[in-house]
Amino acid sequence: LYPLYRIEEIIRSRDASNDKHTLFLFYPFWEDGYKALILGRLRPSDKDLGRFPTKADVYAFLNTVSLAVSIPMTDSSPRSVYEAIFCGCCVAVTYNPWIEAVPGCMKSRICIVNLEDENWLEKAVRYAESVVSVPYEPSEQALDMFDQDRSMRAVVSRYY
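Residues numbered from 1 in each chain as written. Predicted model: local features only at pLDDT ≥ 70, side-chain atom pairs only at ≥ 80, totals over all residues. Heavy atoms only, no water.

Q: Got a minute to help me understand the environment of Pro72 in this structure?
A: Along the polypeptide, Pro72 turns up in the loop between β3 (67-70) and α4 (79-86). Along the primary structure Pro72 and Thr94 are separated by 22 residues, whereas in three dimensions their C-alpha atoms are 8.2 Å apart. (Helix = DSSP H or I, 4+ residues; strand = E, 2+ residues; numbered from the N terminus.)

Q: I'm lost on the sheet that holds strand β4 (residues 90-93) in this one. Help?
A: Neighbouring strands of a sheet are bound in pairs by backbone hydrogen bonds; such pairs are parallel or else antiparallel. One open sheet accounts for 3 strands, arranged β3-β4-β5; its pairing is parallel. Whereas interior strands pair on both sides, the edge strands pair on one side only; in this sheet they are β3 and β5 (110-112). The average undirected angle you get between the axes of adjacent strands in this sheet is 25°. (Pairing = 2+ DSSP bridges. Axes fitted to C-alpha atoms, helices over the stretch in contact; angles between N-to-C directions.)

Q: Help me understand the packing of aromatic side chains, please; the structure alone is not making it clear to me.
A: Evaluated as defined, the whole model comprises 8 aromatic pairs. Arranged with centres 5.0 Å apart and planes meeting at 65°, the rings of Phe26 and Phe52 form a pair that is edge-to-face. A residue pair is termed long-range when its members are at least 10 positions apart, and Phe26 in strand β1 (residues 24-26) and Phe52 in the loop between β2 (47-50) and α3 (55-62) qualify at 26 residues. Between the aromatic rings of Tyr82 and Phe146, the centroid separation amounts to 4.4 Å while the plane-to-plane angle is 45°, which identifies the pairing as tilted. (Phe/Tyr/Trp six-rings, centres within 6.5 Å; stacked < 30°, edge-to-face > 60°.)

Q: How should I be thinking about the side chain of Glu122 in this particular structure?
A: In this fold, Glu122 is placed in helix α6 (residues 120-131). By relative accessible area, which is 10% here, Glu122 ends up buried. A polar side-chain atom of Glu122 sits 2.7 Å from a polar atom in the side chain of His21. Residues in contact with Glu122, not counting those within four places in the same chain, are Ser17, Asp19 and His21. (Buried < 20%, exposed > 50% of the residue type's maximum accessible area, 1.4 Å probe, protein only. Polar contact = N/O pair within 3.5 Å; in protein donor to acceptor, adjacent residues only side chain to side chain. Contact = heavy atoms within 4.5 Å.)

Q: How do you make sense of the pairing of β2 when you look at a structure like this?
A: Sheet faces and side chains relate simply in a regular strand, where the side chains alternate between the two faces. In this sheet, β2 lies alongside β1 in parallel orientation, the contact comprising 3 bridges. Its bridge partner lying in β2, Phe24 is registered against Lys47. The β-α-β motif built from β1, the intervening helix α2 (residues 32-41) and the parallel element β2 has right-handed crossover chirality. (Right-handed = clockwise from strand over helix to strand, strands pointing away.)

Q: How should the pattern of salt bridges be read in this particular structure?
A: In a structure, side chains of opposite charge can pair up when their charged atoms sit close to one another. Across all of its chains, the model carries 11 salt bridges by this definition. Between Asp15 and Arg43 there is a salt bridge, with the nearest N and O atoms lying 3.0 Å from each other. Separated by 28 residues along the polypeptide, Asp15 in helix α1 (residues 4-16) and Arg43 in the loop between α2 and β2 bring together distant segments of the chain. For Arg43, a relative accessible area of 23% gives the class partly exposed. For Lys123, the salt bridge is made with Asp117, and the minimal N-O distance between the two is 2.4 Å. (Salt bridge = Lys/Arg side-chain N within 4 Å of Asp/Glu carboxyl O.)

Below, the structure is given as structure tokens:
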């Protein structure tokens, strides 16, 4: 779970929406007092999924949703965003310079949001719905940049 005010920004934007979106929360760890505060703000339709047992479970879940939200205060290279995109999601993020470095096929799955706009989540949902109707197909550049096997082969071939 992100710092409280970041989660509250998601909840506040969802509550400002005309549509009643369901939030699904999952996370690798949490503080009990903090978690209780967040759970107290959720609607009955929201789901606290907690920690998934395996990465495969995370990927299977991400493959079923159209939008993931990743708005940490800082994130130099957000692996969770890349994973969500490769699973077919669109991802709502605040602007960060790493966005300029990703291939176009991945940029098309990124929705840059302005947290000052109370309707940012609704706009991100609409964007995601328009994008995920087409299955994600990673480009060769995306695979070269983010596939572990390809990355390691490139290192080995260059230095050994």
